[in-house]
Amino acid sequence: MPALSFSGTEARASGVKLEDITKRFGKLTVFDGVNLEISPGELFSLVGPSGSGKTTLLRIIAGLEVQDSGRVYIGAKAVDALGPAKRNIGMVFQDYALYPNKTVMENITSPLTVKGTKKQDAVRDAKEIAGLLGIGETLDRRPGQISGGQQQRVALARALIKHPDVFLLDEPFSNLDAQLRFSARKFLKDVQREFGMTTIYVTHDQSEALSISDRVAIMGSGRIHQVGTPKEIYATPADEFTATFIGSPPLNVMHITISGGASTPLSLPLEGLADGNYRIGVRPESLVLGSGPNEAVATAFEYAGRETIVYLGIGGVEMRAIARDVSGMSTGQTVKFSVQPSGVHVLGKEGA
Amino acid sequence: MSLFAQADFGRIVYNTVFFAVGTAAVSVFIGAAFAILVDSRRRAKRAISLIAYLPYMIPFTASALIWVTLFNPGYGPIDPLLQSIGLPAIDWLGPSLQLYSLTMVGVWASIPLAFLIILAGLSSVPKQVKEAASVDGMEMWDYYSSVALPLAKGAVITAFLMIMILGFGNFDLPYILSGAGGVPPVTMATMVVYAYAEMFYANLAPQGLAAAIFVALLASIPGLLLVRATVSAPKKERRASRLPRPSFRLPGSRRAFNAPFRYALYIGCALVSLFILFPVYWLGLVAFRPQSLDYLLPPVLYPTKIITDVFLQTVAQAFPEIVTTFVISCAVTAITIILAAPAAYIIAREGKRLLLGIMIYTFSLPSIVFVYGIFSMMVGLRLINTWTALIITEPLFTIPFVVWTMTNFYNSLPKQYEEAALVDGYSRIRSFLSIVMPLARPGLIAAGMVAFIFSWHLLLFPLVLSQTPFSFTFPPVGSNTVTTFAILFDPDSTGGTISNNVWTQLASSGIILAIPVIILSIVAQGYLLRGLYSGGVKG
């Protein structure tokens, strides 16, 4: 990674604040009082399943949608009355929205030329930023003539060239193949570190969100379920939605009965829970196979490279576990295992 | 005093409805057959399309004229063809059959529109659905009856309603087939021709206006249905890439139909192809042969001697009209695009459905409704017989249609480009001018061609706004256009002052009318397809 320094770039980071945002499309209420605060200079992800409203929220910040009530602040300024052009934001769209009739150079310079910047200066800036992003050779071509990865960098360059206060990305990597996505993610993180701009990133891919973000907001059906660092989200999910949405393979959810300090059908390291029935989530990676108080039958193996996902049947429930070493295990065999306390989440108590 | 006794009123209503509904029903049936044939084939798609599309290239005025010669008792070529296969000669334009003959010409002229719209509907069936159907073992009949046609239902309905609307409002065909001027025979007069005769021949404006309003009410029925079908169609959701789920019949349930269906389709389309091609062949044949070959018994059906001097002489004669029509059409096209493109953009982006509904409804109103008001205005403004009169009135017909098709086009244009432009700092107007307009260029070109063609072959307005009707002078002056020039050669015209019965000149003027339309429609074919019918199947 070459050092990313861009002339005239000083960190112009502004925080973003959303206050009581409500939004309706016809009869459908998308948001009913959403609050969110994003600190200056952080890389913040909005993550949730499709239909959760994350893209709509991003478009409200951009000014492409107008909320029905509530306020949007960029820095200290309320921007509700301003159109997208006046908010000084940069945005990368899901399929990039590069103007197909303009060259890469014209695409990158368009935010400057439209403001009346001298063409010379705009071209100089564009060359510089294109060089930094590794698309210097594509400047004379049209978007249709360059690869998907290059298009994505052109979109980044176009969004960055005007030194936006806030940088918005709407699933920018979803059109890239897995290999490219991995390097693009790292690249974005480096660019963001270097430029230091406040970045809001929308994705449905929870592992992507956890891996690149400073903080994450988990969204489901128009509600923000939890805001926190990736670590907090993973270790202490605030509710069942968050707990089940985060993690791959997903959380094992089961019913547990506790009586006299012992839990069935799974013996879990739970302390301080009263007797009764509980819904429990157990992270697959917290199951340690080999020895322990629990016994289950291995029903299937899914080889996943470095590790293997082992399906375990216990008391009519199927659980997934992750094991590094499965030599000596076979289908139908009984496996002993223990559960690490950090991977156990109490999701709720059920009827007495 | 009425031209028609009250008793005839019912007959004229019957003629009008019969012509509009009959034309729509038969041409949609034939158009659907050709669309299925083209859609189902891998090869020769273009050639078959060209046949089905051919009548579209011949303006109504020209096709009516050429059919007049085809129908000519004795010297027309159809009767000997019928007799050669043992059928009796038919008095096509006689009182008992003329309504059916008129409808037949209407069908001939309307097949292309039905074909284009239905083919667009069939081709918008997602490829995966088509592939899934063939993997499931569906053959032709199974696929079209249970999957493709149900999915393209919207296109079939649109085609039917549009052709019915054009049938109610059609002036050119019944006017020319009933003898271009004078009192149209009650056995074939449609309400539009009746209204025209009342207004401009009998000088009975109130009665003509009443008839015009009556036909407007008739046309409003399909017009409002078309508005409903188009405007209230659920908005396409960009994200919903879900495939439509047709109700697949159990495989094999109608298996027995597949083979007969295929044979019937091929034989039927082959026969209809002859019906489509022969008048075009006749047009070319008659235009380029000495007129001494026209009135022979039995008629000569094959080229024996080819000459071009009559054609060239007709071009020279028509030169003032060609220039007039060209200038007027260009001006009308420019005005149409300048006004319609932004209007369509706002309708598409702001979802102004009411405005779109008004446009489609305006399009569905027969031009006879407007003609008297405009005629009076132009008399008042002293603009009769000027280019200006036509230039400022013709956009009345081109704008609604172009707004409609351009709205479809803008709807299919991804919104993200404009949003990116807004984020980049463009103003709405600037993003429209420098981002949207360049992207919309193919749509604008197509719309421009449509406007040009519309204007090029308009007959009613030039007829009314040029000089006084029925006092044709020669050589023509003022705002006479190629269409008014061509009808001078109508053999049955009561208003013609030049030598009648010159088929060579008639056909030549028909070709002059058709040439720009042929050129433009070959270029625009793909665009027209896209513009007329988009969506409906999706979402």
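Quick notes on the rules
- Residues numbered from 1 in each chain as written.
- Chains lettered and ligands numbered in written order.
- Predicted model: local features only at pLDDT ≥ 70, side-chain atom pairs only at ≥ 80, totals over all residues.
- Heavy atoms only, no water.
- Helix = DSSP H or I, 4+ residues; strand = E, 2+ residues; numbered from the N terminus.
- Buried < 20%, exposed > 50% of the residue type's maximum accessible area, 1.4 Å probe, protein only.
- Contact = heavy atoms within 4.5 Å.
- Pairing = 2+ DSSP bridges.
- pLDDT = per-residue confidence, 0-100.
- Buried area = accessible area lost by both parts, 1.4 Å probe.
- Salt bridge = Lys/Arg side-chain N within 4 Å of Asp/Glu carboxyl O.
- Polar contact = N/O pair within 3.5 Å; in protein donor to acceptor, adjacent residues only side chain to side chain.
- Nonpolar A, V, L, I, M, F, W, Y, C, P; charged D, E, K, R; others polar.
- Expected span 1.5 Å × (residues − 1).
- Axes fitted to C-alpha atoms, helices over the stretch in contact; angles between N-to-C directions.
- Left-handed = near helix turned anticlockwise from the far one by under 90°.
- Domains from an automatic or database assignment.

1. Focus: the environment of Glu285 of chain A
Residues and elements named next belong to chain A.
Piece 1. Looking at the element boundaries, Glu285 is found in the loop between strand E13 (276–282) and strand E14 (287–304).
Piece 2. Given the relative accessible area of 31%, Glu285 is considered partly exposed.
Piece 3. Spatially, the C-alpha atom of Glu285 lies 9.1 Å from that of Ser248, the residues being 37 residues apart in sequence.
Piece 4. Not counting the four nearest positions on each side in its chain, Glu285 is found in contact with Tyr234, Ile322 and Gln340.

2. Brief notes about the pairing of strand E16 (residues 317–323) of chain A
It is a general feature of regular strands that their side chains alternate between the two faces of the sheet.
Piece 1. Pairing geometry for strand E15 (residues 307–314) of chain A and E16 of chain A, over seven bridges, is antiparallel. What sits directly across from Thr308 of chain A, in E16 of chain A, is Ala323 of chain A.

3. A word on unusual backbone geometry
Residue and element names in this part refer to chain A.
Piece 1. Residue Ser248 is joined to Pro249 through a cis peptide bond whose omega torsion reads -5 degrees.
Piece 2. With respect to the secondary-structure elements, Pro249 resides in the loop between helix H8 (240–245) and strand E11 (252–259).
Piece 3. Phi at Ala97 is positive, roughly 50 degrees, even though this residue is not glycine.
Piece 4. Of note in this structure, Ser221 is not a glycine but carries a positive phi near 35 degrees.

4. Here we look at the confidence of the model for chain A
All names here are of chain A.
Piece 1. For chain A, mean pLDDT is 87; residues scoring 70 or higher make up 96% of the total.
Piece 2. At the low end of the mean pLDDT range in chain A sits strand E12 (residues 262–264), at 80; at the high end sits strand E3 (residues 43–47), at 95.
Piece 3. pLDDT under 50 marks residues 1–5. Its contacts with residues more than four places away, or in other chains, come to 11 contacts.
Piece 4. Contacts from residues 7–11, a stretch scored under 50 in pLDDT, to residues over four places away or in other chains number seven contacts.

5. A few points about the side chain of Gln226 of chain A
Piece 1. Mapped onto the elements, Gln226 of chain A comes out in strand E10 (residues 223–228).
Piece 2. When near neighbours in sequence (up to four residues on either side) are disregarded, Gln226 of chain A contacts Val216, Ala217, Ile218, Glu232, Ile233, Thr236, Pro237, Ala238 and Thr242 of chain A.

6. Let's talk about the interface of chain B and chain A
Piece 1. In this complex, chain B contributes 16 residues to the contact, which on the side of chain A involves 24 residues.
Piece 2. Carbon and sulfur atoms supply 56% of the area that chain B and chain A bury against each other, a total of about 1,700 Å² over both sides.
Piece 3. The largest share of the area that chain B buries against chain A comes from Gln416, Val423 and Asp424 of chain B, three residues that together contribute 36% of it.
Piece 4. Taken together, the connections running from chain B to chain A amount to two salt bridges.
Piece 5. A salt bridge links Asp424 of chain B to Arg158 of chain A; the shortest N-O distance between them is 3.8 Å.
Piece 6. Taken together, chain B and chain A are joined by seven residue pairs in polar contact (both at pLDDT 80 or more).
Piece 7. Contributing elements (two or more residues each) for the side of chain B that touches chain A: helix H19 (416–424) and helix H20 (428–439) of chain B.
Piece 8. Of the residues forming the side of chain B that touches chain A, the biggest block, eight residues, is contributed by H19 of chain B.
Piece 9. For the side of chain B that touches chain A, the per-class residue count stands at nine nonpolar, three polar and four charged.

7. Considering the environment of Leu160 of chain A
Piece 1. Following the sequence through the fold, Leu160 of chain A ends up in helix H4 (residues 148–160).
Piece 2. In this structure the C-alpha to C-alpha distance between Leu160 of chain A and Glu302 of chain A, which are 142 residues apart in sequence, comes to 43 Å.

8. Looking at helix H21 (residues 441–456) of chain B
Residues and elements named next belong to chain B.
Piece 1. Between its terminal C-alpha atoms H21 stretches 22 Å, which fits the 22 Å expected from 16 residues at 1.5 Å a residue.
Piece 2. Taking burial as the measure, the 16 residues of H21 include 12 buried ones, the bulk of the element.
Piece 3. Listed in full, the buried residues belonging to H21 are Gly443, Leu444, Ala446, Ala447, Gly448, Met449, Val450, Ala451, Phe452, Ile453, Ser455 and Trp456.

9. Considering the confidence of the model for chain B
All names here are of chain B.
Piece 1. Per-chain confidence: chain B averages 82 in pLDDT, with 86% of residues scoring 70 or above.
Piece 2. With pLDDT under 50 throughout, residues 235–252 is counted as low confidence; its partners more than four residues away or in other chains account for 20 contacts.
Piece 3. In this model residues 494–498 is a low-confidence stretch, pLDDT under 50, and it forms 10 contacts with partners more than four residues away in sequence or in other chains.

10. Notes on the sheet that holds E12 of chain A
Residues and elements named next belong to chain A.
Piece 1. Here four strands make up an open sheet; going across it, the order is E12-E11-E13-E18 and the pairing antiparallel. At either end of the open sheet lies a strand with only one pairing partner, and these are E12 and strand E18 (344–350). Mean inter-strand twist for the sheet, computed between neighbouring axes without regard to direction, equals 35 degrees.
Piece 2. Alignment of E13 against E18, held across six bridges, turns out to be antiparallel. The residue of E18 that forms the bridge with Ile280 is Val346.

11. Some thoughts on the packing of H19 of chain B against H20 of chain B
All names here are of chain B.
Piece 1. Where H19 meets H20, the axes come as close as 10 Å, and the angle between the chain directions of the two elements is 145 degrees. For the crossing formed where H19 meets H20, the hand is right-handed. Taken together, the residues of H20 that come into contact with H19 (itself represented by Tyr417, Glu418, Ala421 and Leu422) are Arg428, Ser431, Ile435, Val436 and Leu439.
Piece 2. A breakdown of the residues in the contact of H19 with H20 according to their chemical character gives six nonpolar, one polar and two charged.

12. Observations regarding the domain arrangement of chain A
Residue and element names in this part refer to chain A.
Piece 1. Each domain of chain A was delimited in the assignment, giving domain 1 (16–245) and domain 2 (252–350).
Piece 2. A straight line from the C-alpha centre of domain 1 to that of domain 2 covers 39 Å.
Piece 3. Each side of the interface is counted separately: domain 1 has six residues, and domain 2 has six residues.
Piece 4. When domain 1 packs against domain 2, close to 570 Å² is buried across both sides, 46% of that on carbon and sulfur atoms.
Piece 5. When the area that domain 1 buries against domain 2 is broken down by residue, the three leading residues are Tyr234, Glu240 and Ala243, summing to 74%.
Piece 6. Along the contact surface separating domain 1 from domain 2 lie one salt bridge.
Piece 7. Between the two partners, domain 1 and domain 2, sit two residue pairs in polar contact (both at pLDDT 80 or more).
Piece 8. With three residues, the top contributor of residues to the side of domain 1 that touches domain 2 is H8.
Piece 9. Grouping the constituent residues of the side of domain 1 that touches domain 2 by class yields four nonpolar, one polar and one charged.

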